[in-house]
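Below, each chain spelled out in residue letters.
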Amino acid sequence: MTYRALVVEKSDEQFAVRVKDLAEADLPAGDVTIRVEWSSINYKDGLALTPNGRVIRSYPMVPGVDLAGTVLESSDSRFAKGDAVMVTGYDAGVAHPGGFAELARIPADWVMKVPAGLTTKEAMALGTAGMTAAMSVEALEHNGLVPANGSVIVTGSTGGVGSTAVNMLAQRGYTVAASTGKESEHAFLKELGATEILTREDVSAESNRPMEGERWAGAVDPVGGATTAYLVRTMKYGGSIALSGLTGGNAFSTTVFPFILRGVNLLGIDSVMCPMAKREHIWGRLGADLKPRGLLDSIAVETDLDGVQKVCAEILSGKVRGRTLVRLS
Ligand SMILES: NC(=O)c1ccc[n+]([C@@H]2O[C@H](COP(=O)([O-])OP(=O)(O)OC[C@H]3O[C@@H](n4cnc5c(N)ncnc54)[C@H](OP(=O)(O)O)[C@@H]3O)[C@@H](O)[C@H]2O)c1
């Protein structure tokens, strides 16, 4: 049996990304062999396809941190032939062949049944980005956020984490402000449920003031850098920031004052190594109360294996809107 896969190769002399035909013998050792139906493109996949992305830990590698499909074979009793399953994160696509392939073989501890309320396609329309948005919303609410507290801001709002977060928060009755670098996408953000739009500059301006007017009850922040510093300065008393990403930079400068005078909380969000029990809980909610409306109609678009490289280049230059599904079979 052969299968098509995107393969990243790197040596001292060359860096190459191409679609190849692989043989079953090329699959790694593992427990669950999956006929991949859908994958999706995340920012991390964009980095994986660049020579200095520092994401892939061994070459050659089949990238793709997300995948969903049907079990063909399993040596682990938790999964049986025909089960609809999914994988997000762990080492998939970085140190273990991932989702940009028609077949995958994955350690059973990383595999989950697709939760009730989602198809394999919907699960991948959400993918790592949707899971991160859901973890962010849950973390904010766990720390006391309710709609009556005031506006919640989502940064990088047209991206994967951002667009799903805007939708989830609006559906839960929050007043949502969205910051974006894309002037052309204000209508999209309003359709998702944002009622106020800020520019990227509004939320990344440098300031010498340790605190500014109290503005936000909560924040979902996949941007990082100067934007996180802005959020820390402008949170309302007791407000929380769920920080998950670094598209705007990996360092920021702040002071202790918002933390010790306003009780601001900075909450770190990691989806990659999220323990399975929490993962199943979050995905259960993604199939139920946190499932974005219009997921397949307005948030996600489709490509195929041959289109992955183009979208990966676009995601790194901040040009992608919403989520991109990869159709494998
Ligand atoms: N912690 C975790 O477990 C986890 C999970 C998933 C993702 N992440 C991280 O979260 C971030 C977003 O991931 P994603 O999948 O949502 O990516 P994405 O779809 O590419 O969205 C990122 C968004 O960030 C904004 N952006 C891009 N370049 C920027 C820049 N130079 N300055 C400020 N904003 C910029 C853009 O939104 P606008 O044009 O609307 O401003 C872009 O759409 C990435 O850093 C990713 O690695 C982390």
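Anyway, here's the lowdown on the structure attached to this text. It should be emphasised that the depicted structure is a prediction, and the values quoted were computed from it without experimental measurement.

Calculation notes
Residues numbered from 1 in each chain as written. Predicted model: local features only at pLDDT ≥ 70, side-chain atom pairs only at ≥ 80, totals over all residues. Heavy atoms only, no water. Pairing = 2+ DSSP bridges. Helix = DSSP H or I, 4+ residues; strand = E, 2+ residues; numbered from the N terminus. Axes fitted to C-alpha atoms, helices over the stretch in contact; angles between N-to-C directions. Contact = heavy atoms within 4.5 Å. Core = buried A, V, L, I, M, F, W, Y, C linked by side-chain atoms within 4.5 Å. Buried < 20%, exposed > 50% of the residue type's maximum accessible area, 1.4 Å probe, protein only.

Moving on, we get to the sheet that holds strand 12 (residues 235-243). The 6 strands are arranged 10-9-8-11-12-13 in an open sheet whose pairing can be described as parallel. Here the strands that pair on one side only, and so sit at the sheet edges, are strand 10 (194-199) and strand 13 (265-268). With strand direction ignored, the average angle separating the axes of adjacent strands in the sheet is 20°. Alignment of strand 12 against strand 13, held across 4 bridges, turns out to be parallel. Paired with Leu243 across the bridge in strand 13 is Gly268. Against the sheet, helix 2 (residues 120-142) touches strand 11 (216-221), strand 12 and strand 13, its axis set at about 150° to strand 12. Helix 5 (residues 226-234) contacts strand 8 (152-154), strand 10, strand 11, strand 12 and strand 13 of the sheet and is inclined by roughly 155° relative to strand 12.

Our next topic: the nonpolar core. The biggest cluster of nonpolar side chains holds 47 residues, and the ones touching the most others in it are Met86, Leu169, Trp283 and Leu286. Those elements giving two or more residues to this core turn out to be helix 2, strand 8, helix 3 (160-171), strand 9 (176-180), helix 4 (186-192), strand 11, helix 7 (276-286) and helix 8 (295-299). When residues in this core are grouped by element, the largest group, 12 residues, is from helix 2. What Leu169 contacts, discounting residues up to four positions off in sequence, is Val137, Val152, Val154, Tyr174, Val176 and Val220. By size, the runner-up hydrophobic cluster in this structure holds 35 residues, among which are Val17, Leu49, Val55 and Val87.

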